[in-house]
Amino acid sequence: MSKSKSVYFCQSCGHQSGKWIGKCPSCGEWNTFVEEVISKPSKKEAGNIDIIKSVPTAVQDITSGNERRINTNSTELNRVLGGGMVMGSIVLIGGEPGIGKSTLMLQVALNMMDKKILYISGEESQQQIKMRADRIGIQNDKCYLLNETFTDSIFKHCKEVEPDLVIIDSIQTLHTNIIDSSPGSISQIRETASQLQRYAKSSNVPVMLIGHITKDGNLAGPKVLEHMVDTVLQFEGDRHYGFRILRSVKNRFGSTSELGIYEMMSNGLREVINPSEILLSNRDEVASGVAIAAMIEGQRPLLIETQALISTAAFGTPQRSSTGFDLRRLNMLLAVLEKRSGFRISSKDVFLNIAGGLKVDDPAIDLAVSAAIISSLDDKAVPPNMCFAGEIGLSGEIRTVSHIENRISEAEKLGFEKIVLSKYCLKNLSNKKFKIELIPVGKVRDFVEVLI
Ligand code: TYD
Ligand code: MG
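Sequence order sets the numbering: in each chain, residues are counted from 1 along the sequence as written. A letter from A marks each chain and a number from 1 marks each ligand, given out in the order of writing. Local features in this predicted model are restricted to residues whose pLDDT is 70 or higher, and side-chain atom pairs enter the listing and the counts only when it is 80 or higher, whereas totals over whole chains, interfaces and linings include all residues. Only hydrogens and water are removed before side-chain values are computed, so all heavy atoms of the structure are retained for them.

**A closer look at the pairing of strand β7 (residues 117-121)**
Piece 1. Each residue is placed in one exposure class: buried if its accessible area under a 1.4 Å probe, protein chains only, is under 20% of its type's maximum, exposed if it is over 50%, and partly exposed if it falls in between. In this text, helices come from DSSP runs of H or I with a minimum length of four residues, and strands from runs of E with a minimum of two, each type numbered from the N-terminal end. Counting buried positions over the five residues of β7 gives five, a clear majority of the element.
Piece 2. In β7, alternate side chains face the same way, and those of I117, Y119 and S121 on one face and L118 and I120 on the other are all buried.
Piece 3. We call two strands paired when DSSP finds no fewer than two bridges between them. Pairing of β7 with strand β8 (residues 143-147) involves five bridges; the strand directions are parallel. Across the sheet, the residue bridging to Y119 is L145, located in β8.
Piece 4. Note on handedness: a crossover is taken as right-handed if, strands pointing away from the viewer, the path from the first strand over the helix to the second is clockwise. In the classification by handedness, the crossover that spans β7, the intervening helix α3 (residues 126-136) and the parallel β8 is right-handed.
Piece 5. In this sheet, strand β9 (residues 165-169) lies alongside β7 in parallel orientation, the contact comprising five bridges. If you follow S121 over to β9, its bridge partner there is D169.

Put into structure tokens, the structure is as follows:
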């Protein structure tokens, strides 16, 4: 017999309370507490997962070795994971509905020809998954599909199949009989995730979990889950564009600044190996208000287009709107341009757009954004063979940015002839030769002179 007990959980942050409360003391949200019934298993029921016997060992007696990684046969995913999937690790991949999480995972499963994969779905039937596999069009006879949401049977099947990788679509559909509340509730998510974690650690099989995102952009069933797993990836993109970005938000085995770029095609996701070429949108004729930034995302240089439109405000308060770029940063740049170079922008509407539906936070984009703004204000196009890399400080100084050599080489590779950068970068480049012309600037005023 199992004893049951009822607990209240905040559905937004996972805070636990013995009684109902209106305002969550942890995250401050109102009306988020929901009652969940937890039944404690009797001693016999528990223990369907082997407990690892471990003993304390002195640090220097432990051989570190390289953690073994599985090659996922996908350049982009390997990069985001930090060089492949670590044995026994748990990876959570989150994203909005319909963004392509199931497609990505199925494609990864089908692509890993030499490994045995168990793809467990609680969301779609085997036929539906098969239809998607046909669409992707990769044949793989070592990829097994399973329709199951009950964790005990999942572990039983895992014992039989002995997979090299387990994929769960999605964690919100799983349930265990230890807890009575419905699938997707905080306590179910917490319990099933910790069972999977024990399975991964004891069997050394990596597990990939798909997770849903709530409407405010957090992973549903939330921080608790992020703490438990080793790696959190986010799959994002603008649904109106084909591009999807796989970002690592947390990674115990690698850097979190890596980025994978995909394009959704009619036959699955295509890896975009050279993103700059598509991010520079159709450039047949030169228009004003467009400037190219030499960016770095993770370790990878990327050239992207920034577009600005400045027009006279029709109403009293001018509008400021920005897509893919922080609005506060835009306001700051506008203020610096106005103050340090005398442009009158405060009475104008300003619209800013980063092409391709990307979101950027590399400060090196400042120069390109300002160039696009000045170009639109002046109604004069930026020379098409020119690109920009530099951060603008509050006093109007152009600051240096990281990895400047990579940025310059990428611009050179894509056929640009001039790159505007901070003059303070030059001393790091003293013994390097580039074919591209470097235009160093120190202050916003010098920068404006280069443009006009
Ligand atoms: P899906 O993987 O089901 O999204 P998620 O699991 O994140 O909810 O992907 C859904 C979208 O992808 C759907 O709108 C159809 C589209 N799609 C393609 O464009 N091409 C394809 O080859 C596949 C399989 C899906
Ligand atoms: Mg799905």
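Here the narrative resumes, following the displayed structure.
**Observations regarding the domain arrangement of the protein chain**
Piece 1. The domain boundaries assigned to the protein chain delineate domain 1 (3-40), domain 2 (72-273) and domain 3 (277-451).
Piece 2. Look at where the C-alpha atoms of domain 2 and domain 3 centre, and you get two points 37 Å apart.
Piece 3. In this description, buried area is defined as the sum, over both parts, of the accessible area (probe of 1.4 Å) that is lost when the two are combined. Between domain 2 and domain 3, roughly 1100 Å² of surface is buried when both sides are summed, and carbon and sulfur atoms account for 55% of that area.
Piece 4. The rule for a salt bridge is simple: a side-chain nitrogen of Lys or Arg has to be within 4 Å of a carboxyl oxygen of Asp or Glu. At the boundary of domain 2 with domain 3, the tally comes to zero salt bridges.
Piece 5. Of all elements in the fold, only α1 (75-81), β12 (243-251) and β13 (259-265) reach the threshold of two or more residues within the side of domain 2 that touches domain 3.
Piece 6. Classifying every residue of the side of domain 2 that touches domain 3 by side-chain character gives seven nonpolar, two polar and five charged. By convention here, the domain bounds are inherited from an automatic or database domain assignment. When residues are sorted by character, Ala, Val, Leu, Ile, Met, Phe, Trp, Tyr, Cys and Pro go into the nonpolar class, Asp, Glu, Lys and Arg into the charged class, and all the rest, Gly among them, into the polar class.

**Some details on unusual backbone geometry**
Piece 1. Here the amide bond leading from D169 into S170 is cis, since omega sits at 0°, within 30 degrees of zero.
Piece 2. Tracing the backbone through its elements, the reader meets S170 in the loop between β9 and α5 (186-203).
Piece 3. Unlike most non-glycine residues, N73 shows phi in positive territory, near 60°.
Piece 4. Assignment of secondary structure puts N73 in the loop between β4 (69-70) and α1.

**Some thoughts on the site of ligand 1**
Piece 1. Residues are counted as near a molecule or strand when any one of their heavy atoms sits within 4 Å of it. Looking at ligand 1, there are 15 residues lining it, with G98, S102, T103, M265 and G268 nearest.
Piece 2. Polar contact criterion, stated in full: a pair of N or O atoms within 3.5 Å, where within protein one must be able to donate a hydrogen and the other to accept it, and residues adjacent in sequence count only if both atoms are side-chain atoms. One of the backbone N or O atoms of K101 is found 2.8 Å from an oxygen atom in ligand 1.
Piece 3. With respect to ligand 1, the backbone of G268 contributes an N or O atom lying 2.6 Å from an oxygen atom.
Piece 4. Against a free-state accessible area of 560 Å², the protein chains account for coverage of 75% of ligand 1.
Piece 5. Listed by contribution, the elements that provide at least two residues to the shell around ligand 1 are α2 (101-111), α3 and β13.
Piece 6. Ranked by residue count, the leading element in the shell around ligand 1 is α2, at three residues.
Piece 7. Residues of the shell around ligand 1, tallied by class, amount to four nonpolar, seven polar and four charged. For the accessible areas, the method is Shrake-Rupley and the probe is 1.4 Å, while residue cover comes only from the protein chains on display.

**Topic: the sheet that holds strand β14 (residues 268-271)**
Piece 1. On the basis of which strands lie adjacent, the open sheet formed by nine strands has the order β8-β7-β9-β10-β6-β11-β12-β13-β14 and mixed pairing. Because the sheet does not close on itself, it has two edges, and the strands there are β8 and β14. Direction aside, the axes of adjacent strands within the sheet are offset by 25° on average. Orientation is described by axes fitted as lines to C-alpha atoms, over the contacting stretch for helices, and by angles from 0 to 180 degrees between their N-to-C directions.

**Thoughts on the sheet that holds strand β16 (residues 300-312)**
Piece 1. Taken together, the seven strands give an open sheet; going across it, the order is β17-β18-β16-β15-β19-β22-β23, and neighbouring strands pair in mixed fashion. The sheet is open, and its two edges are formed by β17 (320-323) and β23 (437-441), each paired on a single side. Strand-to-strand twist in this sheet, taken as the mean axis angle between neighbours without regard to direction, amounts to 25°.
Piece 2. Relative to strand β22 (residues 418-422), strand β19 (residues 386-389) runs parallel, the two being bridged by four bridges. When the sheet's bridge partners are listed, M386 is paired in β22 with K418.
Piece 3. A contact between two residues is defined here by any heavy atoms of the two lying within 4.5 Å. Along the sheet, helix α10 (residues 404-413) contacts β15 (290-297), β16, β19, β22 and β23; its crossing angle with β16, the most-contacted strand, is approximately 80°.
Piece 4. Each of β19, β22 and β23 touches helix α11 (residues 444-451); the most contacted strand, β23, lies at about 140° to it.

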